[in-house]
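Tertiary structure, described
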Amino acid sequence: MENVTSIVTGVNILWTLIAACMVFFMQAGFALVEAGLTRAKNAGNILMKNMMDFACGVPVYFIIGFSLMFAGNKEGMGAFIGNLTDMFTGAVDGDFNFLASLSEHYNFTNLIFMSVFCATAATIVSGSMAERTKFKSYVIYSIVISGIVYPISGRWIWGGGWLSQMGFNDFAGSTAVHMVGGISALIGAKILGPRIGKYGKDGKAKAIPGHNLTLAGLGTFLLWFCWFGFNGGSTVAMLEESDGGIVSYAAALLSSRIIVNTNIAACLGAVATMTFTWIKYKKPDVSMTLNGALGGLVAITAGCNAVNQWAAALIGAIAGIVVVLSVEFFDNVAKVDDPVGAVSVHGVCGALGTILTGVFASNAFLEAAGKTRIEQIGIQILGVVTVAIWVSVTMTIVFQFLKHTIGLRVSTEDEIIGLDLTEHGLASSYAGFLTDPDAIQESVVIESDSKNPASEIPVEIVHRPRPAIDTDVKFTKIDIITRPSKLEDLKVAMNGIGITGMTVTNVMGYGMQKGNQAHYRGVEIDVTFLPKVKLEIVVCKVPVRTVIDTAKKVLQTGSIGDGKIFVHDVENVVKVRTGEEGYDALQDVE
């Protein structure tokens, strides 16, 4: 019997620890999504905030939050808040013993598992308040939500509190984690105010595109993967032992069903958002579709244990449509500037998924819970409303206190420059990719022995006479800007008329039509820069007219966007390697 118990406990600990590690890695996913959907000048600040959510929040949760969430009896006031004194006396009730018997490894397992969930709730806010929040104020917020706000409402739901006693089902945290973070994000973003340039004088929202959708996409895939641990790992068990020593793997079967439900909801969330934006904006919106997948994941998190697969698909699809409408509402009606859609994905979809758990709960689940469908829906709504009120009140107090003491928002100048530089002294998170001399300051220092000036290396400057230039030869530079799809045909045509040297650059631009009409996260972009290629050619013997006529023949389709050709006079050409000038500089013959 003891051997069986040891095996069961060991397997369950291992599964829970693996899931905890997966949930921890969600921090990386959030950091990538938020950095990608905001501007490059704030990328370092985004990464720092996501790191500090975990690094500052987890110790506070360890010291205070875990006991507020799980310690003490569950009667009277214990149904609403844990007893901090029990943390030190050892009078801790239930499975989640803290310092009472910390030598029991299972308690360590639960502690780290619940800590990473706490960090997830805290980090949601980072994206909605991005690009304009003081870093020190954000760190204080993160400490407060981790130590007080999240643990108290978490006790109601997961710590044996009053909602749990009523039968409220939020299996992995649509409300306990995501809605708490989403409402905090809403309160913070509203009090903080929109980014500079987000709204025009007419009050109309303007698009501020993120700088790297690749990062946002990678972050979404990471979150999707880690969500299998977030939801599936919330069983905190794979095996169960009965009184007769018989081992059951019912928990493992439940975990696999939960992961299937999670995956289906994410898929349908993404598909629904893609289809809806395709119809609404005439093009499938990339960043919205990423939000749609995340919205489906958030929505299924509450009822992943309670619904069948068809219901999981429906919940995901509903969330995928609602997230688009929600982003547009907060952008255009509520005037809440949320750069990454955190309020819609986590707040709205979290509440929606929790309520839909009651609507779509399987008959078997309702029978086991001893509830009618109407009763379960009522309990789910009650839980959403009460937690929303708790978070709204407490976070309003926190953010207003910060605003009127140390300040919540950076100065206008700091916001325009970017928080990487003003908050962290970081010139750029992409310094190795910059070519702008104003963005990278370099200095070259020649060191010498101050005691022995003779050790300085002499520098000889040799002046060579400038070769004579054939003034009868005229140089002309021709710039051709056109569609990338035409580059290969154009290159072949230029080689055909004797042009052997050319420079090609990928550029962005627009003409009188201001590019194609486009939307970014539901907001019409006033001017859309379109991808083009710029071909630069310098000729002297080949007639300019020949180049122009050849280019026109290849590029002309009669449609807007065929491109333009610019012709410039060139005073001289110098080949750096040999020092040759004029006509000779254009020749590659040794």
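Structural data are supplied above this passage.
Reading the values: the criteria
Residues numbered from 1 in each chain as written. Predicted model: local features only at pLDDT ≥ 70, side-chain atom pairs only at ≥ 80, totals over all residues. Heavy atoms only, no water. Helix = DSSP H or I, 4+ residues; strand = E, 2+ residues; numbered from the N terminus. Buried < 20%, exposed > 50% of the residue type's maximum accessible area, 1.4 Å probe, protein only. Contact = heavy atoms within 4.5 Å. Areas by Shrake-Rupley, 256 points an atom, 1.4 Å probe, with all protein chains shown as cover. Core = buried A, V, L, I, M, F, W, Y, C linked by side-chain atoms within 4.5 Å. Axes fitted to C-alpha atoms, helices over the stretch in contact; angles between N-to-C directions. Parallel < 35°, antiparallel > 145°, perpendicular 65-115°, else oblique. Left-handed = near helix turned anticlockwise from the far one by under 90°. Nonpolar A, V, L, I, M, F, W, Y, C, P; charged D, E, K, R; others polar.

1. A short note on the overall build of the chain
Each helix and strand in the chain was counted, giving 19 helices and eight strands. Looking at the chain as a whole, 48% of its 590 residues are labelled buried. In the chain, 77% of the contacts between residues at least 6 apart in sequence involve partners at least 24 apart. Within the structure as shown, the chain displays about 28200 Å² of accessible surface, and the carbon and sulfur contribution to it stands at 63%.

2. With respect to the nonpolar core
Y141, Y150 and F399 are the most contacted members of the largest nonpolar core, which totals 101 residues. For this core, the element with the highest residue contribution is helix α5 (residues 105-128), accounting for eleven residues. Setting aside residues no more than four positions away along its own chain, Y141 makes contact with D53, A121, A122, V125, M395, F399 and L402. Within the second largest apolar cluster, twelve residues are counted, among which are I478, V539, V542 and L555.

3. What to know about the environment of V533
Along the chain, the position of V533 falls in strand β7 (residues 530-539). Taking the C-alpha atoms as reference points, V533 and N506, 27 residues apart in sequence, are found 4.6 Å from one another. What V533 contacts, discounting residues up to four positions off in sequence, is I480, I481, T482, R483, P484, L487, T505, N506 and V507.

4. Structural notes on the packing of helix α8 (residues 174-192) against helix α13 (residues 342-360)
Between α8 and α13, whose axes approach to 7 Å, the crossing angle comes to 140°. Taken together, the axis directions place α8 and α13 in an arrangement best described as oblique. Here α8 runs over α13; the crossing is left-handed. Side by side, α8 and α13 meet where S174, T175, H178, M179, G182, I183, A185 and L186 of the first sit next to A342, V343, H346, G347, G350, A351 and T354 of the second. Tallied by class, the residues present in the contact of α8 with α13 amount to seven nonpolar, eight polar and no charged.

5. Brief notes about the side chain of D331
Along the chain, D331 falls in helix α12 (residues 309-332). The class of D331 is buried, set by a relative accessible area of 6%. In this structure, D331 is in contact with K198, Y199, A205, V336, R521 and V523, ignoring residues within four places of it in sequence.

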